[in-house]
There are 2 protein chains.
Amino acid sequence: MASRSYGQYCGVTTAVELIGERWALLIVRDLLVGPRRYTDLKQGLPRIPTNILSTRLKELQESGVVRRVPLMHCGLVYELTDYGRMLEPIVLALGRWGFQAMGDPGADDVVTADSLTMALRTAFQPDVAAALPTLHCEVHVGDVVLRVLVDDGVLRIWQLAPAGRPVDPRDAAPRPVAEPELVFAAGPGIRRLISGELTPGAAIDSGVLHVVSGDATLLDRFADLFHIDESLTPSLAA
Amino acid sequence: MASRSYGQYCGVTTAVELIGERWALLIVRDLLVGPRRYTDLKQGLPRIPTNILSTRLKELQESGVVRRVPLMHCGLVYELTDYGRMLEPIVLALGRWGFQAMGDPGADDVVTADSLTMALRTAFQPDVAAALPTLHCEVHVGDVVLRVLVDDGVLRIWQLAPAGRPVDPRDAAPRPVAEPELVFAAGPGIRRLISGELTPGAAIDSGVLHVVSGDATLLDRFADLFHIDESLTPSLAA
DNA sequence: CCGGATCCGAATCGATACTG
DNA sequence: CAGTATCGATTCGGATCCGG
């Protein structure tokens, strides 16, 4: 029934009808990192009820935002269509906008691999990167481990298996063989480093962050490369 | 209770918690056109239940997106804060994205003044405008009347009172005194003109659009100025 | 008319359990 | 692994009502 329609003939309204339902945009966010299985999505969205996940995936397929792709070996993955991938700059801009309203983490808030990956993409400063030498580092937040490579102005992020879990087979991209120049661990307070509230030094001193190995001075470069200025209008340059 | 929280510490999640509830982004869309009274919003969102409107306005105020401003003479208006206004490029980008998925209008879909105003902003091509002479025209869709002025690469839109209704007093901006060079009326099918599916000539021939007065050849300029390329990645340049 | 508040049935969401 | 089924808790939608 059309009772749940907004009843307007308008682009914004249509967009909201496609991706405005609860959880939908978070599913898109995770799929922007890469194709994901049903179970991956469920893990990356720990509080999503499974029936809602399945409903949303069905709706997103009907809207042409998501596609269901059977895997040759086993199982299947969901991935964004070209149309769905067009949401990337919008999701990144929303991430920057929301970043400024993030308070301190709630008691049971988690940081997932996909959300942290997108957060780093959100905060990435391509112009700065173009003018800076390569940076290869490893970031630990909770039990999420990310390998971050900034080279020639381009950002690449790999998700490393946290503990005993084997590396995801679908992640066929060549992994960085070289050792990272810097490995550091942080809590959610890493947000204060990215916002500029804390300098790398202050972050270490306050216990928000600690260097596991490598050259600690590279943290300055990291802070320059990943930064969200609180008062900046959310640039949406694709 | 935090049961309705998404349970993630992430910018996108925070954004969705602020403006992801039903109707919230449409309220923001209308407020991007200008400050609005409670009753204006209710009229511009014909299907919104009044309790939902009041709840959303309260939530948006708590989030610092919307502000409630008492008017000197009478009544009060809601307006976006600076933080709320930062959503403009995001809403415009969403409008472009959703535009491509708009089918034909539903039987009871309406076109409101604010949604059409934002749709034109969404479709506006500043680069084209910079290279083209001034255009001053009047657009009728349903009983919405918009005066559109493109001058020196800048777009300005005034909403004209459709019928007997007096002009809104808060709309203190200087209105265009000169007569428009072109007045035309269209149905929702104007979407096909903006998407490029129809040329101005074809739009007239198919009855989607008809010129009320003025120079019909200016429709070509209009179509150049307001265009959404279906296959274009949604540029978010602020 | 403006700016809501209240009430109630319908639809959705959240949590858990269960299945091919 | 990839979902369905079920059921109580919330929210939404529609209508009415109310004080200025």
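Just so it is clear, the structure is predicted and the values come from calculations on it, not from any experiment.

Criteria and thresholds
Residues numbered from 1 in each chain as written. Chains lettered and ligands numbered in written order. Predicted model: local features only at pLDDT ≥ 70, side-chain atom pairs only at ≥ 80, totals over all residues. Heavy atoms only, no water. Contact = heavy atoms within 4.5 Å. Buried area = accessible area lost by both parts, 1.4 Å probe. Salt bridge = Lys/Arg side-chain N within 4 Å of Asp/Glu carboxyl O. Polar contact = N/O pair within 3.5 Å; in protein donor to acceptor, adjacent residues only side chain to side chain. Helix = DSSP H or I, 4+ residues; strand = E, 2+ residues; numbered from the N terminus. Axes fitted to C-alpha atoms, helices over the stretch in contact; angles between N-to-C directions. Parallel < 35°, antiparallel > 145°, perpendicular 65-115°, else oblique. Nonpolar A, V, L, I, M, F, W, Y, C, P; charged D, E, K, R; others polar. Least-squares fit on C-alpha atoms with pLDDT ≥ 70 in both. Left-handed = near helix turned anticlockwise from the far one by under 90°. Core = buried A, V, L, I, M, F, W, Y, C linked by side-chain atoms within 4.5 Å. Buried < 20%, exposed > 50% of the residue type's maximum accessible area, 1.4 Å probe, protein only. Pairing = 2+ DSSP bridges. Near = heavy atom within 4 Å.

**Student:** Explain the interface of chain A and chain B to me, please; I cannot follow it from the model alone.
**Tutor:** In many reports, interface size means the accessible area that the parts give up when they come together. Taken together, the contacts link 62 residues of chain A with 62 residues of chain B. Around 5,300 Å² of area is buried between chain A and chain B when both sides are counted, 66% of it from carbon and sulfur atoms. It is Tyr6, Tyr9 and Trp97 of chain A in chain A that bury the most area against chain B; as a group they hold 19% of the surface buried on that side. The tally of links between chain A and chain B comes to two salt bridges. Close ionic contact of Arg22 of chain B with Glu21 of chain A constitutes a salt bridge, the shortest N to O distance being 3.9 Å. For the interface between chain A and chain B, the tally reads 20 residue pairs in polar contact (both at pLDDT 80 or more). Secondary-structure elements contributing two or more residues to the side of chain A that touches chain B are helix 1 (11-19), helix 2 (24-33) and helix 6 (88-99) of chain A. Top contributing element to the side of chain A that touches chain B by residue count: helix 6 of chain A, with nine residues.

**Student:** It is not clear to me how the packing of helix 1 of chain A against helix 6 (residues 88-99) of chain B should be interpreted in this structure. Could you clarify?
**Tutor:** When two helices pack together, their arrangement is given by the angle between the helix axes and the distance between those axes. Close contact between helix 1 of chain A and helix 6 of chain B brings their axes to 7 Å; oriented N to C, the two are set at 80°. Overall, the two elements helix 1 of chain A and helix 6 of chain B adopt an arrangement that is roughly perpendicular. Contact with helix 1 of chain A, carried on its side by Gly11, Val12, Thr14, Ala15, Leu18 and Ile19 of chain A, involves Val91, Leu94, Gly95, Trp97, Gly98 and Phe99 of chain B of helix 6 of chain B and no other residues of that element. When its residues are assigned to classes, the contact of helix 1 of chain A with helix 6 of chain B shows eight nonpolar, four polar and no charged.

**Student:** Mind showing me how you'd approach the relation of the copies chain A and chain B here?
**Tutor:** The relation between the two copies of this chain is a rotation about an axis and a shift parallel to it. Taken as rigid bodies, chain A and chain B are interconverted by a rotation of 180° and an axial shift of 0.0 Å, the fit giving an RMSD of 0.0 Å. The relationship between the two copies is best expressed as a two-fold rotation axis. Most of the interface of chain A is mirrored in chain B, where 100% of its interface residues again form contacts.

**Student:** Whenever I open this one, the packing of helix 1 of chain A against helix 2 (residues 24-33) of chain B confuses me. Can you help?
**Tutor:** Orientation of helix 1 of chain A relative to helix 2 of chain B, taken along the N-to-C sense of each, is 165°, at an axis distance of 10 Å. Judged on the interaxial angle alone, helix 2 of chain B and helix 1 of chain A are roughly antiparallel. Crossing of helix 1 of chain A against helix 2 of chain B: the hand is right-handed. Contacts between helix 1 of chain A and helix 2 of chain B involve Val12, Thr13 and Val16 of chain A from the former and Leu25, Leu26 and Arg29 of chain B from the latter.

**Student:** What exactly am I supposed to notice about the nonpolar core here?
**Tutor:** If you look at soluble globular proteins, the nonpolar side chains tend to sit buried side by side. Among the nonpolar cores identified, the biggest contains 68 residues, and Val65, Leu87 and Trp97 of chain A together with Val65, Leu87 and Trp97 of chain B are the most heavily contacted of them. When sequence neighbours within four positions are dropped, the list of residues in contact with Trp97 of chain A reads Ala15, Leu18, Ile19, Val65, Tyr83, Met86, Leu87 and Ile90 of chain B.

**Student:** Help me understand the sheet that holds strand 4 (residues 144-151) of chain A, please; the structure alone is not making it clear to me.
**Tutor:** Either a parallel or an antiparallel arrangement is found when strands of a sheet pair, and the pairing is made through backbone hydrogen bonds. All names here are of chain A. Spatial ordering of the open sheet is given by 5-4-3-6-7, a layout of five strands whose pairing is mixed. In this open sheet, the two edge strands, each paired with only one partner strand, are strand 5 (154-160) and strand 7 (209-214). Sheet twist, expressed as the average angle between the axes of neighbouring strands with direction ignored, equals 20°. Relative to strand 5, strand 4 runs antiparallel, the two sharing seven bridges. Bridge pairing links Val148 to Ile157 in strand 5. Running over the sheet, helix 7 (residues 113-123) touches strand 3 (135-141), strand 4 and strand 5 and is turned about 165° from strand 5.

**Student:** I keep staring at the protein's contact with DNA strand D and nothing clicks. Help me out?
**Tutor:** The full set close to DNA strand D counts 23 residues, and Thr50, Arg68 and Tyr78 of chain A together with Arg22 and Arg56 of chain B are the nearest of them. The sugar and phosphate moieties of DNA strand D supply 68% of its atoms located within 4 Å of the protein. Here Tyr78 of chain A contributes a side-chain N or O atom positioned 2.3 Å from a phosphate oxygen of DNA strand D. In the environment of DNA strand D, a phosphate oxygen lies 2.5 Å from a nitrogen or oxygen atom belonging to the side chain of Arg22 of chain B. Secondary structure elements with two or more residues in the surface near DNA strand D: helix 3 (38-44), helix 4 (50-62) and strand 2 (76-80) of chain A together with helix 4 (50-62) of chain B. Taken together, the residues of the surface near DNA strand D break down into seven nonpolar, seven polar and nine charged.

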